[in-house]
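# Breakdown of the fold
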Amino acid sequence: MGKALIIGAGGVASVCIHKCCQNPDVFEEICIASRTKSKCDALKAKLDGGKTKISTAQVNADNVDELIALINSFKPDVVVNLALPYQDLTIMDACLATKTNYVDTANYEPLDTAKFEYSWQWAYRERFEEAGITALLGSGFDPGVTGVFSAYAMKHEFDEINYIDILDCNAGDHGYPFATNFNPEINIREVSAKGSYIEDGKWVETEPMEIKRVYNFPEIGEKDMYLLHHEELESLALNIKGIKRIRFFMTFGQSYLTHLKCLENVGMTSIEPIEFEGKQIVPLQFLKAVLPDPASLGPRTVGKTNIGCIFIGKKDGKEKHYYLYNVCDHQECYKEVGSQAISYTTGVPAMIGAAMILTGKWNTPGVHNIEEFDPDPFMDALNKFGLPWKESYDPELVE
Ligand code: NDP
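What comes next concerns the included structure. All values derive from a computational prediction rather than experimental measurement. (Residues numbered from 1 in each chain as written. Predicted model: local features only at pLDDT ≥ 70, side-chain atom pairs only at ≥ 80, totals over all residues. Heavy atoms only, no water.)

## Observations regarding the side chain of Asn306
Mapped onto the fold, Asn306 is located in strand 15 (residues 304–315). There is a polar contact of 3.1 Å between the side chain of Asn306 and the backbone oxygen of Pro218. Residue contacts for Asn306: discarding those within four places in its chain leaves Leu167, Asp168, Cys169, Phe217, Pro218, Ile220, Tyr323, Tyr325, Asn326 and Val327. (Helix = DSSP H or I, 4+ residues; strand = E, 2+ residues; numbered from the N terminus. Polar contact = N/O pair within 3.5 Å; in protein donor to acceptor, adjacent residues only side chain to side chain. Contact = heavy atoms within 4.5 Å.)

Listed below in structure tokens is the structure:
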């Protein structure tokens, strides 16, 4: 059916590429392009021989001209950005120049400011509309499936949704005292930032990890979870009718928090460059270099994730509660694609988002967040490609 250019060859890209190869009628041809070509070649060597034709390329995704040259030579129908959030705008520029559709899993973040918001990418709306191409923003799990769950709840279960709590629980154990489950630099920037949520149309800011709750997660049990700022709050508050409050919680174990506090206290999580032996280095980037590579956690991680949304709203004038979630087992993911569940729960929706575009199911020109599209074909694909969802009409609510 079509051709996809996948940029990045890390944990998430690896899962997405495995999944494209499981869906060869849609992904007839893929090109894996990243900064380190040997990683692309290793993925190709692992997956070659199936129906999907695979090629590889070296690209620096910070360089728009290099991206344009690559897109012009491969001629993809969609570019799937699974590099880092820093590359979102350069890749969108190259897609505009070549009139190619675009998908990502994380919103733009400038390298020198730990701040993420949609304004930079939403500024491309008119240009994408005029070019007749689609940008699908945030097609991972959170953001991603959480937005699809919200659109599905709105379409099938509610007349209006007033409260959404997004709960992200990773009860996996990798056996290391401290490691992050996806890119350490992006992960630590996210969790060391101030928390925030939206209430009555306004952002309310909290200190990092200030708000803690204990939740009894289905199939996992009780875990401590903390309120974080998260990008999908911004788009869901605009796109879902009737929202009064929307919050995001993520679970952390005590060992992770103690290590993080210590690293913060000694300055290792800073993104301000310092001089070291005559060279400028960024402490957080140095820390990334000494931490375990998230892609290496697969064989050692046991346990499950549970990520989902609790909705409170109204149906036919009555208050209604609804919980949609997915439970994913780290070892099952490893058996299937050689990765742990965090990469898996992001890489599968990235493939599905690209498939929605390649099959023409989602093709409104412009720049769109995932909840703006019809959720039904995406929900069906989640069940088919390894992330089946479950629902409850009587969930425990978060205080
Ligand atoms: P990794 O660090 O494992 O992989 C990133 C890949 O991008 C690497 O292959 C890296 O190359 C490549 N890359 C980085 N910079 C460039 C560049 N300038 N040019 C070309 N390639 C580049 O990250 P993950 O796979 O863990 O995460 C990928 C994305 O997924 C991130 O944006 C992350 O924020 C997002 N994510 C989204 C989630 C969601 O639910 N929505 C959850 C988890 C992650 P090299 O090998 O040379 O370093």
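After presenting the structure, the write-up continues.
## Concerning the nonpolar core
Counting residues in hydrophobic clusters, the biggest one holds 87 residues, and the most contacted among them are Phe27, Ile30, Phe149 and Phe311. With 11 residues, the top contributor of residues to this core is helix 13 (residues 341–358). Apart from residues lying up to four places away in sequence, Phe311 is in contact with Phe149, Ser150, Ala153, Phe158, Ile161, Tyr163, Ile164, Lys320, His321, Tyr322 and Leu324. (Core = buried A, V, L, I, M, F, W, Y, C linked by side-chain atoms within 4.5 Å. Buried < 20%, exposed > 50% of the residue type's maximum accessible area, 1.4 Å probe, protein only.)

## Looking at the environment of Glu372
The residue Glu372 is located in the loop between strand 17 (366–369) and helix 14 (376–384) in this model. Sequence separation between Glu372 and Leu136 is 236 residues; the distance between their C-alpha atoms is 9.6 Å. Those residues within four positions of Glu372 in sequence are excluded, and the remaining contacts are Asn239 and Val367. A distance of 2.9 Å separates polar atoms of two side chains, one belonging to Glu372 and the other to His368. Engagement of the side chain of Glu372 in a polar contact is seen with the backbone nitrogen of Asn369, the distance being 2.8 Å.

## What to know about the pairing of strand 5 (residues 101–104)
By the alternation rule, side chains of strand 5 split into Asn101 and Val103 and Tyr102 and Asp104, which are all buried. Strand direction decides the pairing type here: strand 4 (residues 78–81) and strand 5, joined by 4 bridges, are parallel. Looking across to strand 5, one finds that Val79 is bridged to Tyr102. Handedness of the crossover joining strand 4 and strand 5 through helix 4 (residues 88–98): right-handed. As paired strands, strand 5 and strand 6 (residues 134–137) are joined by 2 bridges and run parallel to one another. Note that in strand 6 the partner of Val103 across the bridge is Leu136. (Pairing = 2+ DSSP bridges. Right-handed = clockwise from strand over helix to strand, strands pointing away.)

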